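Reading the structure
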Amino acid sequence: VQLVESGGGLVQPGGSLRLSCAASGFTFSSYAMSWFRQAPGKEREFVAGITSTGGSTNFADSMKGRFTISRDNAKNTVYLQMNSLKPEDTAVYYCNVVRWGMDYWGKGTLVTVAS
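Residues numbered from 1 in each chain as written. Predicted model: local features only at pLDDT ≥ 70, side-chain atom pairs only at ≥ 80, totals over all residues. Heavy atoms only, no water.

When you go through the chain residue by residue, the secondary structure sums to zero helices and 11 strands. When the helices and strands of the chain are listed from N to C terminus, the series reads β-β-β-β-β-β-β-β-β-β-β. For the chain, whose C-alpha radius of gyration is 13 Å, the value lies close to the compact-globule estimate of 13 Å for 115 residues. The dimensions of the chain, computed from C-alpha atoms along their principal axes, are 40 × 25 × 25 Å. Split into buried and exposed, the 115 residues of the chain put 41% on the buried side. Charge separation in the chain, taken as the distance between the mean sites of 11 positive and 8 negative side-chain charges, equals 5 Å. (Helix = DSSP H or I, 4+ residues; strand = E, 2+ residues; numbered from the N terminus. Rg over C-alpha atoms; globule rule 2.2 N^0.38 Å. Buried < 20%, exposed > 50% of the residue type's maximum accessible area, 1.4 Å probe, protein only. Lys, Arg positive; Asp, Glu negative; His and termini not counted. Charge placed at Lys NZ, Arg CZ, Asp CG, Glu CD.)

Structure below.
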């Protein structure tokens, strides 16, 4: 299993970013996918999840209405669209899949929200 996140960077408050996670090594279309994040000095926290078909999504309360999760099963890629970014969204964002009871993580992509 390999998960490779991309799309992070420096953005001003109120701005937007779209993160991507390219997956390989498993049947991507059969698994739900999630995004987590870890801010400096804090524990990793759930951001958003999407079912295998993309038919259902869920979000942490603080992201509802600002973030959107989607997937393209033909491209083995899951996306996180982040709008109205706030300084407190600064974190390393990780892609996650749970396969046969095991968590798999990418190396993460850093998002910094600052003026």
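Along the chain, the position of Arg99 falls in strand E9 (residues 91-99). Lacking a salt bridge, the buried Arg99 has Asp103 as its closest oppositely charged neighbour, with an N-O distance of 12 Å. Filtering out sequence-adjacent residues up to four positions away, Arg99 remains in contact with Val1, Gly25, Phe26, Tyr31 and Tyr104. (Salt bridge = Lys/Arg side-chain N within 4 Å of Asp/Glu carboxyl O. Contact = heavy atoms within 4.5 Å.)

Before going further, it helps to spend a moment on the sheet that holds strand E7 (residues 67-72). For sheets, the rule is that strands pair by backbone hydrogen bonds, running either parallel or antiparallel. A sheet is described by the order of its strands in space; here four strands give the open sequence E1-E3-E8-E7, paired in antiparallel fashion. Strands at the two margins of the open sheet, each flanked by one partner only, are strand E1 (2-6) and E7. This sheet shows a mean twist of 15 degrees between the axes of neighbouring strands, independent of strand direction. For E7 and strand E8 (residues 77-82), the ladder comprises six bridges, and the chain directions are antiparallel. (Pairing = 2+ DSSP bridges. Axes fitted to C-alpha atoms, helices over the stretch in contact; angles between N-to-C directions.)

Most of E8 sits inside the fold, with five of its six residues counted as buried. Note: strand E3 (residues 17-24) against E8, six bridges, orientation antiparallel. Each bridged residue has a counterpart across the sheet, and for Leu19 the counterpart in E8 is Leu80. Remark: four residues form the turn of the hairpin made by E7 and E8, two consecutive strands paired antiparallel; Asn76 in that turn has positive phi of roughly 50 degrees.

On to the state of the cysteines. Enumeration according to the criterion identifies one disulfide in this entry. Residue Cys21 pairs covalently with Cys95 via a disulfide, S to S 2.2 Å. Of note, the bridge from Cys21 to Cys95 carries an S-S torsion of about -85 degrees and is left-handed in sense. On the criterion of sequence distance, the pair formed by Cys21 in strand E3 and Cys95 in strand E9 is long-range, its members being 74 residues apart. Neither Cys21 nor Cys95 differs from the other in exposure class; each is buried. (Disulfide = S-S within 2.5 Å.)

This brings us to the nonpolar core. Within the largest apolar cluster, 30 residues are counted, with the highest numbers of intra-cluster contacts made by Met33, Trp35, Phe67, Val78, Leu80, Met82 and Tyr93. Those residues in contact with Leu80, other than ones at most four positions away along the chain, are Leu17, Arg18, Leu19, Trp35, Val47, Ala48, Phe67, Thr68, Ile69 and Tyr93. (Core = buried A, V, L, I, M, F, W, Y, C linked by side-chain atoms within 4.5 Å.)

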